[in-house]
Amino acid sequence: MPASLVVGTQWGDEGKAKVIDFLSKDTDIIVRYQGGANAGHTVVVHGKKYVFHLVPSGVIYDQTICVIGNGVVLDPMFFIEECDRLQKEGFPVYDKLLLSDACHLLFPYHSQIDSARETTLSQEHKIGTTKKGIGVCYADKMMRTGLRVGDLLDDSYQARLKHLVEEKNRELDKLYGMPPVSFNDVNENLKFFISKMRKNILNTAYYLDSELKKGKRVLLEGAQGTGLDVDFGTYPYVTSSNPTTGGALIGTGIPFHHLKHVIGITKAYTTRVGEGPFPTELSGEEGEFLRSKGGEYGATTGRPRRCGWFDAEMLRHSVRINGITSIALTKIDILSDYDKIPVAVGYKLNGKTLDCFPSQGLEKVEVIYEEFPGWKTDISGICDFQKLPEKCKNYISALEKLIGVKINLVSTGPDRKDTIHGDSF
């Protein structure tokens, strides 16, 4: 059976969790492939909200096995707290969640260094990090000084951990004047973590390949979006991993020939959290109106999101980078109060129209807009494409032409049931 991938096409917060939840009913295994607890995925089922950070959101389905892949950086105590919370809500997490033995562990010193670095930067150099230590942990991974989940299966890890804590404490003291991290506290937490998770740890790359060959249906989910990809996003204002298709393959070990469907998730407008260029951003009352209508506040940090118009150039970039085969359009109901809806159809730089989304200079571009008439009708909860106002259907068709990929899923509200699937188009 082929694997499917859900990928964010903007700067994250596109509504991936709702789409993953919608697709999960036809899925056997759901895999989280990158990022860490800096992610926040929100699912609403029958009016009840569930927020996920590390655990794949498909855990709420009875038939699904959930996997955390090798590309994730895992805060062990945060992870146990999330599992315990979901267990109390009635989901048998510990019975159906598998954890890669190659997944890197995130420790308190990672978040302390992350916070100290961001705090000491001048405003023009701030990245807008969540200060959860994600980037510092990935840096240790690339420096080959990290500790992985599978290392905990043998008590010999403690000597390595002691050395790491000593090294990081020197950095905390000499560079940032911060108090040391306790080796004993970190080690006791790891012992508790391994006591809870030992039976769930395995070589997930081997497991996934075996299950795909048996005909199991696998869905890959990531965090953030293409605009935050460390290679293809708005560097340096990016995350520390690859949320894109390449990152999904690396972060799971699934061979490329298994991946047949890449579903790009996009809002009907654009949002961004943190620093970095945002060509279609709305300021003042216009931005606040869209933020308020869309409830645009971070699920992890609560930070207000910056809001702006849909950016077709950015979407074309995402389609190219990810090999997107279809689009899921979310939050179109939020645009129902507008008389006219501008859409960015291209960029100019120094008077010249650009061929593509630029790797540098995005903060200097002039946006080329095209306006579309609004529908001025509440479309919340509509589940049949033909019941949408004609101007709304025209807007969706226009986005399809601008993106160059079929939109075959439209979300008209936060609940699982507020969804139009391609069969009704």
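Residues numbered from 1 in each chain as written. Predicted model: local features only at pLDDT ≥ 70, side-chain atom pairs only at ≥ 80, totals over all residues. Heavy atoms only, no water.

## Notes on the sheet that holds strand β11 (residues 259-267)
Strands belonging to one sheet form pairs held by backbone hydrogen bonds; the direction of such a pair is parallel or antiparallel. One open sheet holds the 10 strands; their spatial order is β9-β7-β5-β2-β10-β1-β11-β15-β19-β20, and the pairing between them is mixed. Among the strands making up the open sheet, the edge pair consists of β9 (201-202) and β20 (419-421). Here helix α12 (residues 390-403) sits on the sheet and contacts β15 (326-330) and β19 (407-411); the angle it forms with β19, its principal contact strand, is near 135°. (Pairing = 2+ DSSP bridges. Helix = DSSP H or I, 4+ residues; strand = E, 2+ residues; numbered from the N terminus. Contact = heavy atoms within 4.5 Å. Axes fitted to C-alpha atoms, helices over the stretch in contact; angles between N-to-C directions.)

## What about the domain arrangement of the protein chain?
Entries for the protein chain in the domain assignment read domain 1 (3-100 + 203-263), domain 2 (104-196) and domain 3 (267-421). Computed from C-alpha coordinates alone, the two centres of domain 1 and domain 2 are separated by 23 Å. Taken together, the contact pairs 24 residues of domain 1 with 19 residues of domain 2. For the pair domain 1 and domain 2, the two sides together bury roughly 1,800 Å², of which 67% comes from carbon and sulfur. One can count one salt bridge joining domain 1 with domain 2. Counting across the domain 1 and domain 2 interface gives five residue pairs in polar contact (both at pLDDT 80 or more). (Domains from an automatic or database assignment. Buried area = accessible area lost by both parts, 1.4 Å probe. Salt bridge = Lys/Arg side-chain N within 4 Å of Asp/Glu carboxyl O. Polar contact = N/O pair within 3.5 Å; in protein donor to acceptor, adjacent residues only side chain to side chain.)

## A word on the pattern of salt bridges
It is possible for side chains bearing opposite charge to pair when their charged atoms get close. Per the stated rule, a full pass over the model turns up 26 salt bridges. The partner of E288 in a salt bridge is R291, and the shortest N-O contact between them spans 2.5 Å. Here R291 and E288 lie together in helix α10 (residues 284-294), a separation of three residues that amounts to about one turn. The exposure class assigned to R291 is buried, which follows from its relative accessible area of 14%. Notably, a salt bridge pairs E296 with K331, separated by 2.9 Å at the nearest N-O pair. Of this pair, E296 sits in the loop between α10 and β13 (306-308) while K331 sits in the loop between β15 and β16 (340-349), placing them 35 residues apart in sequence. Note on E296: relative accessible area 0%, which makes it buried. (Buried < 20%, exposed > 50% of the residue type's maximum accessible area, 1.4 Å probe, protein only.)

## A few points about helix α5 (residues 134-142)
Among the residues of α5, those classed as buried are I134, V136, C137, Y138 and D140. Against β6 (73-74), β8 (104-105), α4 (108-120) and α6 (157-176) lie the buried residues of α5.

## Considerations on unusual backbone geometry
The peptide bond linking Y235 to P236 adopts the cis configuration, its omega dihedral lying at 10°. Within the secondary structure, P236 sits in the loop between β10 (218-221) and α9 (245-250). Phi at D13 is positive, roughly 60°, even though this residue is not glycine. Despite not being glycine, K376 has its phi angle at roughly 50°, a positive value. With respect to the helices and strands, the residue K376 is situated in the loop between β18 (366-373) and α12.

## Details of the packing of α4 against α5
The interhelical angle for the contact between α4 and α5, taken along N-to-C directions, is 115°, at an axis separation of 7 Å. Note that α4 runs across α5; the crossing there is right-handed. Taking contact as the criterion, the partners of Y109, H110, I113, D114 and R117 in α4 are, on α5, I134, V136, C137 and D140. A class-by-class count of the residues in the contact of α4 with α5 yields five nonpolar, one polar and three charged. (Left-handed = near helix turned anticlockwise from the far one by under 90°. Nonpolar A, V, L, I, M, F, W, Y, C, P; charged D, E, K, R; others polar.)

## Comments concerning the state of the cysteines
Scanning the entire structure with this criterion turns up zero disulfides. Unpaired in terms of disulfides, C383 finds its nearest cysteine sulfur in C392, a separation of 13 Å. (Disulfide = S-S within 2.5 Å.)

## Comments concerning the UniProt feature "binding site: substrate" (unreviewed entry) in the protein chain
Cross-referencing UniProt, the feature "binding site: substrate" (unreviewed entry) maps to A299, T300, T301, G302, R303, P304 and R305 in the present numbering. With respect to the element layout, P304 can be found in the loop between α10 and β13. For P304, a relative accessible area of 49% puts it in the partly exposed group. (UniProt positions renumbered as here; feature names shortened; annotations may be inferred.)

## Notes on the packing of aromatic side chains
For the coordinates displayed, the defined rule picks out eight aromatic pairs. Each ring, one from F79 and one from F193, has its centre 6.3 Å from the other, and the planes form 65°; the classification is edge-to-face. Of this pair, F79 sits in helix α2 (residues 76-88) while F193 is found in helix α7 (residues 183-197), placing the two residues 114 residues apart along the sequence. Consider the rings of W309 and Y338, whose centres lie 5.3 Å apart with planes at 75°: the pair is edge-to-face. Here the residue W309 occupies a position in the loop between β13 and β14 (310-311), and Y338 occupies one in the loop between β15 and β16, the gap between them amounting to 29 residues. Neither W309 nor Y338 differs from the other in exposure class; each is buried. Connected via pairs of aromatic rings, a cluster forms that spans F289, W309 and Y338. If you follow K25 out to its NZ or CZ, it ends over the ring of F22, 3.8 Å from the centre. Positioned above the aromatic ring of F183, the side-chain terminus of K162 is 5.9 Å from the ring centre. (Phe/Tyr/Trp six-rings, centres within 6.5 Å; stacked < 30°, edge-to-face > 60°. Lys NZ or Arg CZ within 6 Å of the ring centre and 35° of its normal.)

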